[in-house]
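# Topology and contacts: notes
Here's the letter readout for the chains.
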Amino acid sequence: MNILDKLLQVQKVYKTYGKGQSETQALKGITFDVLPGEFLGIMGSSGSGKTTLLNCIATMIKPTSGQILLKGNNILSFKGDELAQHRGQNIGYLFQEFQLLDNLTGRENILLPLSILGKDLRKEEAKFKKLAKDFDIENILDKFPSQMSGGQKQRVVGARALISSPSIVLADEPTGSLDSKNAKSLMDKLSYANLVDEATILMVTHDANAASYCSRILFIQDGVIFHELRRRVPVETKTSFYERILTVMAQLGGGSANVL
């Protein structure tokens, strides 16, 4: 495979917390690639290292050793303004707890990344309108977060994550605060963005239903990759893929209820 085909490269990443007897290895040499247009899921039991991995890729924390390359650039070398620019231009964030600013409307929250980057908002109007339509939030754009339901908030966050056309969207338990109806709605929107707009998405989730939308899933256990599943596109149904996910989750220990 040509290196240019690899959008994200995670190479022998280790992360250790503490020292001496209190030392804990959260990541133990994890290596994998993400191709442009992939929808990759990360699953594993509580404490397996999946959130630590996502935070390393998001540049929220630094690994103890290893490399993380995005579009061939070592993101761990970025500092100061260069790091801020990287986060703003290359990464879209989709958090479980929404992270919307209460004093901004839905419209203003969505456009915030562009404002921070100094973009001309008028030139982005067509994309803004498309995202508002795709995420079915046209009727709440002038509302504040306190006036929105949980599902509406998360769809606003989804639009915000995509507005700057980031290289990759990092989603941390995006359905964790939603009921099943709103979770399905959000995943349908993200799947559309992936399949139609070719958005690259890396999602940490405990939800097998959400994971069934992915094209590939990495299962992490004790800081290493335990198993990998690929959806057999286009012949495999989402239901069949969901059943295979449940089988692996059970093998991780304790069944799906214990896979967080």
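From a predicted model like this one, the values you see are computed outputs, not experimental measurements. (Residues numbered from 1 in each chain as written. Predicted model: local features only at pLDDT ≥ 70, side-chain atom pairs only at ≥ 80, totals over all residues. Heavy atoms only, no water.)

### A word on the pattern of salt bridges
Any two side chains of opposite charge can pair, given that their charged atoms come close. Enumeration according to the criterion identifies 11 salt bridges in this entry. In this structure, the salt-bridge partner of Asp 33 is Lys 6, at a minimum N-O distance of 3.4 Å. With a gap of 27 residues between them, Asp 33 in strand 2 (residues 24-34) and Lys 6 in the segment before strand 1 (8-17) connect regions that are remote in the sequence. A residue is classified by how much of its surface remains accessible, and Asp 33, at 24% relative accessible area, is partly exposed. Classification of Lys 6 as buried rests on a relative accessible area of 19%. Here Asp 197 and Lys 130 are joined by a salt bridge, their closest N and O atoms 3.1 Å apart. (Salt bridge = Lys/Arg side-chain N within 4 Å of Asp/Glu carboxyl O. Helix = DSSP H or I, 4+ residues; strand = E, 2+ residues; numbered from the N terminus. Buried < 20%, exposed > 50% of the residue type's maximum accessible area, 1.4 Å probe, protein only.)

### Describing the sheet that holds strand 5 (residues 73-74)
Across the sheet, 4 strands lie side by side as 2-1-4-5; this open sheet has antiparallel pairing. Edge strands, defined here as strands with exactly one partner in the open sheet, are strand 2 and strand 5. Each of strand 1, strand 2 and strand 4 (65-70) touches helix 1 (residues 50-57); the most contacted strand, strand 2, lies at about 60° to it. (Pairing = 2+ DSSP bridges. Contact = heavy atoms within 4.5 Å. Axes fitted to C-alpha atoms, helices over the stretch in contact; angles between N-to-C directions.)

### Side note on the pairing of strand 6 (residues 91-95)
Within a regular strand, side chains alternate between the sheet's two faces. Strand 6 sits mainly inside the fold: 4 of its 5 residues count as buried. Two strands pair when backbone bridges link them, and strand 6 and strand 7 (residues 168-172) are joined in this way by 5 bridges, in the parallel orientation. Following the sheet pairing, Leu 94 is matched in strand 7 by Ala 171.

### Notes on the pairing of strand 1
In terms of strand pairing, strand 1 meets strand 2 through 8 bridges, oriented antiparallel. Residue pairing for strand 2: Val 10 is matched across the bridge by Phe 32. Connecting strand 1 to the next strand, strand 2, in antiparallel fashion are 6 residues, including Gly 18 with a positive phi near 75°.

### Describing the packing of helix 5 (residues 150-162) against helix 6 (residues 180-195)
In the contact formed by helix 5 and helix 6, the axes pass within 9 Å of each other and the chain directions differ by 15°. Here helix 5 is positioned roughly parallel relative to helix 6, judged by the angle of their axes. As helix 5 runs across helix 6, the sense of the crossing is right-handed. Taken together, the residues of helix 6 that come into contact with helix 5 (itself represented by Gly 151, Gln 154, Arg 155 and Leu 162) are Asn 182, Ser 185, Leu 186, Lys 189 and Ala 193. By residue class, the composition of the contact of helix 5 with helix 6 is 3 nonpolar, 4 polar and 2 charged. (Parallel < 35°, antiparallel > 145°, perpendicular 65-115°, else oblique. Left-handed = near helix turned anticlockwise from the far one by under 90°. Nonpolar A, V, L, I, M, F, W, Y, C, P; charged D, E, K, R; others polar.)

### Quick word on the side chain of Lys 50
Within the fold, Lys 50 resides in helix 1. With no salt bridge to any partner, buried Lys 50 finds its closest opposite charge in Glu 173, at an N-O distance of 4.8 Å. (Lys, Arg positive; Asp, Glu negative; His and termini not counted.)

### Some thoughts on helix 6
With 16 residues, helix 6 ought to run about 22 Å at 1.5 Å a step, and its terminal C-alpha atoms sit 22 Å apart, in line with that. Along helix 6, the positions that sit buried rather than exposed are Ala 183, Ser 185, Leu 186, Met 187, Lys 189, Leu 190, Ser 191, Ala 193 and Asn 194. The backbone nitrogen of Lys 181 has a side-chain oxygen 3.3 Å away, supplied by the residue at the start of helix 6, namely Asp 179. (Expected span 1.5 Å × (residues − 1). Polar contact = N/O pair within 3.5 Å; in protein donor to acceptor, adjacent residues only side chain to side chain.)

### Some words on the confidence of the model for the chain
If pLDDT is low for a region, its predicted coordinates should not be looked at in detail. Overall, the predicted model of the chain reaches an average pLDDT of 91, with 95% of residues at or above 70. Within the chain, the element-level pLDDT minimum falls on helix 2 (residues 80-90), averaging 89, and the maximum on strand 8 (residues 201-204), averaging 97. Overall, residues 254-260 carries pLDDT values under 50, and its contacts beyond four positions in sequence, including any with other chains, amount to 18 contacts. (pLDDT = per-residue confidence, 0-100.)

### Structural notes on the packing of helix 3 (residues 106-116) against helix 5
Put simply, helix 3 and helix 5 touch, their axes get as near as 7 Å, and they point 30° apart. Relative to helix 5, the element helix 3 is oriented roughly parallel. Along this stretch, helix 3 crosses helix 5, giving a crossing that reads as right-handed. Across the interface between the two elements, Gly 106, Asn 109, Ile 110 and Pro 113 of helix 3 pack against Val 156, Ala 159 and Arg 160 of helix 5. Across the contact of helix 3 with helix 5, the residue classes tally to 4 nonpolar, 2 polar and 1 charged.

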